[in-house]
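Architecture at a glance
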Amino acid sequence: MRKRNLFIVLTGLTLSFPFMGMSQTWDVPADQKEVVAPFKFTPGIQKQGEQIYSKNCHSCHGNPGKNDWAKLTPPPGDLSAVKAQQQTDGEWFYKITTGKAPMPEFRNVLSEDERWWVVAFLRSFNPGYIQPEPVAKKVFTGRVVTLNLTFDSTQKQVIVKAYDMLQDKRKAPAAGVEVELLVKRYFGNLTMGSPVTTNTQGIAKFTFPGDLPAQRDGFSELVARVLDPKGLMQTTPDTLRIAAGKSNDQPSLLETRAWWSVRSKAPVWIILTYTLSVLIVWGFIIYILLSMVKIYKSGKLK
Amino acid sequence: MAEKDFTLEKITGDLTHHIRLNKGFLAWMGFLTISLLVCLYAYSLQLKNGLGVAGIRDYVSWGMYLSNFVFFVASSLIGMLISAFLGLIGMKWITPLTRIAETIAVAFAAVAGLVIVSDMGRPERLANVFIYARFQSPILWDVTVITTYFVLSLLLLFLPMIADLAIIQRKVTTLPAWLRTVYKVLSLNYRDTPEQNRIIHRSIRILLILIIPAALSIHTVTSWLFAVTSRAGWDSTIFGPYFVSGAFVAGTAAVILAMFFFRKNYKLSDYLTDLHFNNMGKVLATVSLVYLYFNLNEFLVPGYKLKRADAVHLHELLAGKDALLFWFVQIGGLLLPILFMLFRRFRKPVPITIIAVAVLIAAWFKRYLIVIPTQEHPFLPIQHIPENFLHYTPTLTETLISIAPFLLVLIIITLILKFFPVIPLQETAKEKGVEPFIFD
């Protein structure tokens with residue numbers, strides 16, 4: 001009995017070895033499978049989907065129908081193939097939205113409409129496909145807020161005005177909206193100070209710090225956006241380029257010779273040490289090779 | 001055996017009789033070749049499907065391939081220790097070991113370069129390492145010194161062998177004609193003239209001196225590939241000497257193993273005597289003690305300060321997930337061998353060979369412990385990743401690909417020491433004081 005158990009374990013181990021690193025199945029929640037597109041897949045939409053596909057998916061999935069997907073584990077597969085086409089639109093939409101390594105998630109990369117466009121494009125390779133009746137998205141009833149950024153250069157103040165967009169396309173000052181201000185840096189955006197809540201006129205003011213280094217051209221790029229962690233509003237941020245900030249005369253990191261720089265900016269002493277060492281040692285090696293020729297020649301019987 | 005029993009005939013016969021195509025050799029080579037083909041098939045899978053067939057992922061991106069690389073570079077250092085270091089300080093007993101040591105150096109250094117290729121996702125872009133080389137990058141230094149060390153070792157294997165080749169070509173009459181032509185070409189018209197001897201002697205001198213800094217740099221630079229990062233377990237100022245001393249331990253064990261094998265199979269017990277095993281035992285004890293000293297520094301000092309990341313790393317090694325392997329390596333591969341080597345009776349051929357095997361296995365796992373655990377303990381928390389990114393588990397394909405370099409090394413060593421005398425002929429004859437060879 002014990003022997004048999006051991007045998008089973010061992011065979012199990014051996015068999016599972018090659019599959020290590022392979023994927024588990026990709027489960028889609030039942031309610032997500034039923035999701036359908038909010039519009040009809042017209043040829044125009046499919047054309048738009050093709051553009052999204054060639055920009056975002058082609059590098060891995062290749063040309064539909066050509067089986068030329070990228071060599072990844074697990075394989076991305078051809079999306080026009082039967083196996084992929086058997087899935088519902090909802091399943092596809094869910095997979096594109098959430099991703100599964102190495103397939104990236106497109107939640108924040110493509111808008112919902114754009115994701116549906118790709119689905120539409122991929123369905124164009126399936127002549128037997130009949131689109132389920134589209135279900136329009138529920139109309140959004142929450143607050144729709146847009147921001148407007150201005151800079152008061154005498155006061156060194158950044159002024160953010162928030163507007164509620166009303167049903168009848170009118171604008172009204174949006175009070176009580178939490179706004180944050182960011183400035184663009186080399187890597188990502190830097191938050192400036194704490195968030196400010198707009199007053200009854202829908203205005204939030206930020207003081208622009210005088211010692212903040214500007215970009216090389218003397219400008220600073222600002223971004224204002226609404227803080228809405230619960231996602232209750234539809235908001236549009238605003239950006240502004242202003243001639244403000246401490247002028248930046250620091251040399252670029254890549255201007256001086258340094259360890260971290262590119263080859264042409266290597267420190268001279270490293271280039272010299274490396275080259276000299278190689279030359280000296282290989283000089284001796286060549287000398288020895290020539291000596292071997294000498295041994296050969298001097299041994300020839302006269 | 002008394003010195004006077006050695007005659008020129010006996011030495012020539014004893015040291016060259018293994019140069020023939022016997023069944024054992026063919027069977028062994030057949031076994032190695034078939035195994036290698038299996039491993040190459042595994043590699044073809046990796047070429048086709050990408051590095052994803054191995055267990056390496058984003059966090060642990062250096063797996064067995066890199067441990068292998070460090071191990072191979074380490075083992076190749078022994079050529080320098082035996083021929084150059086012990087030779088230059090005047091140790092006479094090393095003569096019969098020099099060729100074994102140099103062969104090991106050549107084989108491991110040659111294959112070390114290939115091992116790195118196994119870790120490349122796009123090996124066809126290898127040339128870019130040179131085309132876009134940055135002088136500031138330790139990777140360029142590593143590629144440079146390993147190539148240089150390989151060439152130096154090859155020359156140091158070849159030059160002292162020239163006289164032997166001339167002797168084989170003249171004395172071993174049983175060889176097929178074409179093989180004798182090969183020996184003739186390789187022996188560079190050697191006829192024992194004073195000028196030829198002077199050139200050879202001077203060239204060997206230069207090589208012996210050059211190979212010391214070259215050997216030290218190959219392993220120091222390899223250690224820098226790790227030590228120039230600030231990762232816990234790699235961020236160390238003594239990584240260079242730590243690696244070099246560890247390399248001597250692995251290399252000494254490899255030489256002992258080879259000595260035992262060739263002594264038995266090629267019937268060389270008159271030349272590779274108990275004295276040589278005894279002395280190699282002392283060498284093993286010495287280098288192991290030095291290595292122990294560096295190990296103590298490497299673990300005690302960070303363990304005393306216990307900086308946050310070091311604490312996690314050390315805990316996993318000493319008492320956590322990697323503890324079993326860690327203590328096997330430290331006790332089985334270092335402490336016990338030192339202890340055993342203190343006693344003469346364990347420095348006899350059989351016990352010392354068994355110990356050398358343990359040391360070599362431990363040496364490989366030591367490299368594994370240097371390379372992998374550090375990567376499992378990054379500074380930033382690991383988040384939002386698939387389960388199999390968390391811990392490194394080698395796959396079968398990866399294991400086969402990692403075995404290939406060992407087979408290659410064995411093939412190279414087998415071939416070199418099959419067709420060239422394992423023990424230097426002319427030097428041995430000189431040392432035993434028999435009458436000189438006549439080169440007509």
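Numbering of residues starts from 1 in each chain and follows the order in which that chain's sequence is written. A letter from A marks each chain and a number from 1 marks each ligand, given out in the order of writing. Reporting in this predicted model follows two pLDDT cut-offs: at least 70 for local features of residues, and 80 or more for side-chain atom pairs to be given and counted; totals over whole chains, interfaces and linings ignore these cut-offs and use all residues. With hydrogens and water excluded, all non-hydrogen atoms of the structure serve as input to the side-chain values.

1. Some words on a nonpolar patch on the surface
All names here are of chain B. Patches in this entry comprise residues that are over 30% relatively accessible and not in a salt bridge; like charges within 9 Å are linked, as are nonpolar side chains (Val, Leu, Ile, Met, Phe, Trp, Tyr) within 5 Å. Note that accessible areas follow from Shrake-Rupley with a 1.4 Å probe, and for residues the cover is restricted to the protein chains shown. Basic side-chain nitrogens of Lys or Arg form a salt bridge, by our definition, when they fall within 4 Å of a carboxyl oxygen of Asp or Glu. On the surface, a cluster of nonpolar side chains totalling about 800 Å² of accessible area is made up of Leu-318, Trp-327, Ile-331, Leu-335, Leu-336, Leu-339, Phe-340, Leu-342 and Phe-343. Top contributing element to the nonpolar patch by residue count: helix H14 (residues 323-341), with six residues. Here Leu-336 shows up in helix H14. Numbered from the N terminus, helices here are DSSP runs of H or I no shorter than four residues, and strands are runs of E no shorter than two.

2. Concerning the interface of chain A and chain B
Only heavy atoms matter for contacts: two residues are in contact if any of them lie within 4.5 Å across the pair. Chain A puts 36 residues into the contact, and the matching count from chain B is 41 residues. Once two parts are put together, the accessible area they lose, assessed with a 1.4 Å probe and summed over both, is termed the buried area. The junction of chain A with chain B conceals about 3,300 Å² of combined surface from both sides, 69% of it contributed by carbon and sulfur atoms. For the pair chain A and chain B, the number of links is zero salt bridges. Polar contacts, as counted here, are pairs of nitrogen or oxygen atoms within 3.5 Å of one another; within protein the pair requires one atom able to donate a hydrogen and one able to accept it, and residues that are adjacent in sequence qualify only if both atoms are side-chain atoms. Here chain A and chain B share 13 residue pairs in polar contact (both at pLDDT 80 or more) between them.

3. Brief notes about the packing of helix H3 (residues 64-76) of chain B against helix H5 (residues 95-118) of chain B
All names here are of chain B. Put simply, H3 and H5 touch, their axes get as near as 8 Å, and they point 160° apart. Taken together, the axes of H3 and H5 lie roughly antiparallel to each other. Crossing handedness for the pair H3 and H5: left-handed. Across the interface between the two elements, Tyr-65, Asn-68, Phe-69, Phe-71, Phe-72, Val-73, Ser-75 and Ser-76 of H3 pack against Ile-104, Ala-105, Phe-108, Ala-109, Val-111, Ala-112, Val-115, Ile-116 and Ser-118 of H5. All residues other than Ala, Val, Leu, Ile, Met, Phe, Trp, Tyr, Cys, Pro, Asp, Glu, Lys and Arg, Gly among them, are scored as polar; the first ten of these are nonpolar and the last four charged. Of the residues that constitute the contact of H3 with H5, the class distribution is 13 nonpolar, four polar and no charged. Helix axes use the C-alpha atoms of the stretch in contact, all axes being lines fitted to C-alpha atoms, and the angles between their N-to-C directions lie in the range 0 to 180 degrees. By definition in this entry, angles of less than 35 degrees are roughly parallel, angles greater than 145 are roughly antiparallel, angles of 65 to 115 are roughly perpendicular, and the rest are oblique. With the far helix as reference, a near helix turned anticlockwise by less than a right angle produces a left-handed crossing, and one turned clockwise produces a right-handed crossing.

4. Re the nonpolar core
The biggest cluster of nonpolar side chains holds 157 residues, and the ones touching the most others in it are B:Phe69, B:Ile100, B:Ile104, B:Tyr149, B:Tyr183, B:Phe262 and B:Leu268. Residues contacting B:Phe262, with those up to four places away along its chain left out, are B:Ile100, B:Lys267, B:Leu268, B:Ile413, B:Leu417 and B:Val422. Among buried residues, those of type Ala, Val, Leu, Ile, Met, Phe, Trp, Tyr and Cys that are joined through side-chain atoms within 4.5 Å constitute a nonpolar core. Note on classification: 1.4 Å probe, protein chains only; a residue is buried when its accessible area is under 20% of the maximum for its type, exposed when over 50%, partly exposed between these limits. The next biggest cluster of nonpolar side chains, apart from the first, holds 22 residues, and it includes A:Val160, A:Val183, A:Phe208 and A:Ala224.

5. Some thoughts on helix H10 (residues 194-227) of chain B
Its 34 residues place the ends of H10(B) 49 Å apart at the C-alpha level, agreeing with the 50 Å of an ideal helix rising 1.5 Å per residue. A residue's bend is the angle separating two fitted axes: one through the seven residues that end there, the other through the seven that start there. Of all the bends found along H10(B), the most pronounced is centred on B:Ile211 and spans about 30°, while B:Pro213, a proline, follows it within four residues. A helix is expected to span 1.5 Å for every residue after the first.

6. Comments concerning unusual backbone geometry
Residue and element names in this part refer to chain A. With an omega dihedral of -10°, the bond running from Thr-73 to Pro-74 counts as a cis peptide bond. The topology assignment puts Pro-74 in the loop between helix H4 (58-61) and helix H5 (82-85). The omega torsion across Ala-101 and Pro-102 is 5°, close enough to zero to call that bond cis. Relative to the elements of secondary structure, Pro-102 occurs in the loop between helix H6 (89-98) and helix H7 (112-123). The backbone of Asn-67 shows a phi angle near 50°, a positive value even though the residue is not glycine. Looking at where Asn-67 falls in the secondary structure, it is placed in the loop between H4 and H5.

7. Some thoughts on empty space enclosed by the protein
All names here are of chain B. With a 1 Å grid spanning the protein atoms alone, the term cavity applies to any set of points in which a 1.4 Å probe fits but cannot get out, the term pocket to an open set with protein on both sides within 12 Å along at least five of seven lines, and the term lining residue to any residue with an atom within 4 Å of a point. Grid points are joined across faces, edges and corners, and a volume is the space filled by probe spheres set on the points. Per the counting criterion, the structure on display carries three cavities of 30 Å³ or more. Counted as a void, the largest cavity has a volume near 100 Å³. What lines the largest cavity is a set of 14 residues, and nearest its centre among them are Val-249, Tyr-291, Gly-333, Ala-363 and Lys-366. Every element with two or more residues in the lining of the largest cavity is listed here: helix H11 (239-265), helix H12 (274-305), H14 and helix H15 (349-376). Each residue belonging to the lining of the largest cavity can be placed in one class, and the counts come to eight nonpolar, four polar and two charged.

8. Looking at the pattern of salt bridges
Going through the model one piece at a time under the given rule, you end up with 14 salt bridges over all chains. A:Glu50 serves as the salt-bridge partner of A:Lys47, at 3.4 Å between the closest nitrogen and oxygen. Of the two residues, A:Lys47 and A:Glu50 are both situated in helix H3 (residues 43-56); the distance of three residues between them amounts to about one turn of the helix. The exposed category is assigned to A:Lys47, whose relative accessible area is 53%. The salt bridge involving B:Arg99 is made with B:Asp164; its shortest N-O contact spans 2.9 Å. Taken together, the residues B:Arg99 in helix H5 and B:Asp164 in helix H8 (residues 162-171) connect sequence positions 65 residues apart. Judged on exposure class, the residue B:Arg99 and its partner B:Asp164 are both buried. Salt bridges sharing partners connect three or more residues here, namely A:Asp217, A:Glu221 and A:Arg241.

9. Details of the domain arrangement of chain A
Reports of interface size often rely on the accessible area that becomes lost once the parts have come together. The start and end points of each domain follow an automatic or database-based domain assignment. Domains assigned within chain A are domain 1 (26-123) and domain 2 (143-242). Using only C-alpha atoms to locate each centre, domain 1 of chain A and domain 2 of chain A end up separated by 36 Å.

10. Some details on the state of the cysteines
Residue and element names in this part refer to chain A. Cysteine sulfur pairs qualify as disulfides if the two atoms are within 2.5 Å. Within this structure, the stated rule accounts for zero disulfides over all chains. Its sulfur unpaired, Cys-57 is 8.7 Å from the next cysteine sulfur, which belongs to Cys-60. Overall, the relative accessible area of 25% leaves Cys-60 in the partly exposed class.

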